[in-house]
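An overview of the molecular structure
These are the residues of each chain, in order.
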Amino acid sequence: FNVFIAFLSVFKKEKWENMKLEYRAKISMGILEFFIESTMLNPNDEFGIDSLYLCSPIDKSFGFNFFYDAKLINYEQLFTGKELHQKLQHVHCKTDSDCFYTKECSMKCIENKCSKYLSKPQLINYCEFLRKFLNDDEKLLKELQPYFQKCSQLETFFIDENILYEKIEMPISYE
């Protein structure tokens, strides 16, 4: 038999204000799962040429079904590191801000060229989304504030392509 599942395509504040916290948590975990899986496509190059980058806002890129499962619905701004690098490879840069593609996808400037590496990890975008998504639950936000603070300080390392990273190693650090 055919099951039709409609996806709500926009996270409007009015929609989630009345949504139970447990459903918001389920949606949030589904989106986090996307970011985790996108970095595990190539365990030796989590933030490089074969990694997937979501270059549009999370609230415009994901929807959820009647079971509150998060689903990517906007694939137009989903690129590999190679595709992003090709878009910016001819840009002469002095700083990372010269390698701007979107707010979610700006690349590092290395030796006056835009590299294949993001200037900030995509996990930061997720944390910003999560803070907004949970913003009406003051107790939860207060408890999560130290984690949001740490998340906002993450930065990517410049990755030596001659080093193979273990699957559990991720080239990110705190400032």
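Up top is the structure these notes are about.
Note that the structure is predicted; figures quoted are calculated from it, not measured. For every chain, the first residue of the written sequence is number 1, and numbering continues from 1 along that sequence. Only residues with pLDDT of at least 70 are given local features in this predicted model, and only at 80 or more are side-chain atom pairs given and counted; all residues enter the totals for whole chains, interfaces and linings. Heavy atoms from the whole structure form the basis of all side-chain values; hydrogens and water molecules are not counted.

Right, let's talk about the nonpolar core for a bit. Working definition of a nonpolar core: buried Ala, Val, Leu, Ile, Met, Phe, Trp, Tyr and Cys residues. They are joined through side-chain atoms within 4.5 Å. Residue exposure (1.4 Å probe, protein chains only): buried if accessible area is under 20% of the type maximum, exposed if over 50%, otherwise partly exposed. Among the nonpolar cores identified, the biggest contains 24 residues, and Ile 31, Leu 54, Ile 58, Phe 62 and Tyr 126 are the most heavily contacted of them. For this core, the secondary structure elements donating two or more residues are helix H2 (21-39), strand E2 (62-64), strand E3 (70-72), helix H5 (122-133) and helix H6 (138-152). Strands are runs of DSSP state E lasting at least two residues, helices are runs of H or I lasting at least four, and both sets are numbered from the N terminus onward. Per element, the largest residue contribution to this core is six residues, and it comes from H5. Grouped together as the second largest cluster of nonpolar side chains are 12 residues, Tyr 53, Cys 99, Met 107 and Leu 118 included.

Here we come to the packing of aromatic side chains. When two rings of Phe, Tyr or Trp (its six-membered ring) have centres within 6.5 Å they constitute a pair, described as stacked for plane angles under 30 degrees, edge-to-face for angles over 60, and tilted for the intermediate range. Scanning all chains against the criterion turns up eight aromatic pairs. A centroid spacing of 5.3 Å and a plane angle of 75° characterise the contact between Phe 34 and Phe 62, whose relative ring orientation is edge-to-face. Here the residue Phe 34 occupies a position in helix H2, and Phe 62 occupies one in strand E2, the gap between them amounting to 28 residues. Phe 62 carries the same exposure label as Phe 34, and that label is buried. Between Phe 35 and Tyr 126, the ring centres sit 6.2 Å apart and the planes meet at 55°, which makes this aromatic pair tilted.

Turning our attention to the packing of H5 against H6. Where H5 meets H6, the axes come as close as 10 Å, and the angle between the chain directions of the two elements is 160°. When the axis of H5 is compared with that of H6, the two are roughly antiparallel. Considering the relative orientation of H5 and H6, their crossing is left-handed. Contact residues: Leu 123, Ile 124, Cys 127, Leu 130 and Arg 131 in H5; Leu 141, Gln 145, Phe 148, Cys 151 and Ser 152 in H6. Any residue that is not Ala, Val, Leu, Ile, Met, Phe, Trp, Tyr, Cys, Pro, Asp, Glu, Lys or Arg is counted as polar, Gly included; the first ten are nonpolar and the last four charged. For the contact of H5 with H6, the per-class residue count stands at seven nonpolar, two polar and one charged. Convention adopted: a line fitted to C-alpha atoms gives each axis, helices being fitted over their contacting stretch, and angles between N-to-C directions are expressed from 0 to 180 degrees. Note on angle classes: values under 35 degrees are labelled roughly parallel, values over 145 roughly antiparallel, values of 65 to 115 roughly perpendicular, and the remainder oblique. It is the rotation of the near helix from the far one that decides the hand of a crossing: anticlockwise by less than a right angle makes it left-handed, clockwise makes it right-handed. Here a residue-residue contact requires only that any non-hydrogen atoms of the pair lie within 4.5 Å.

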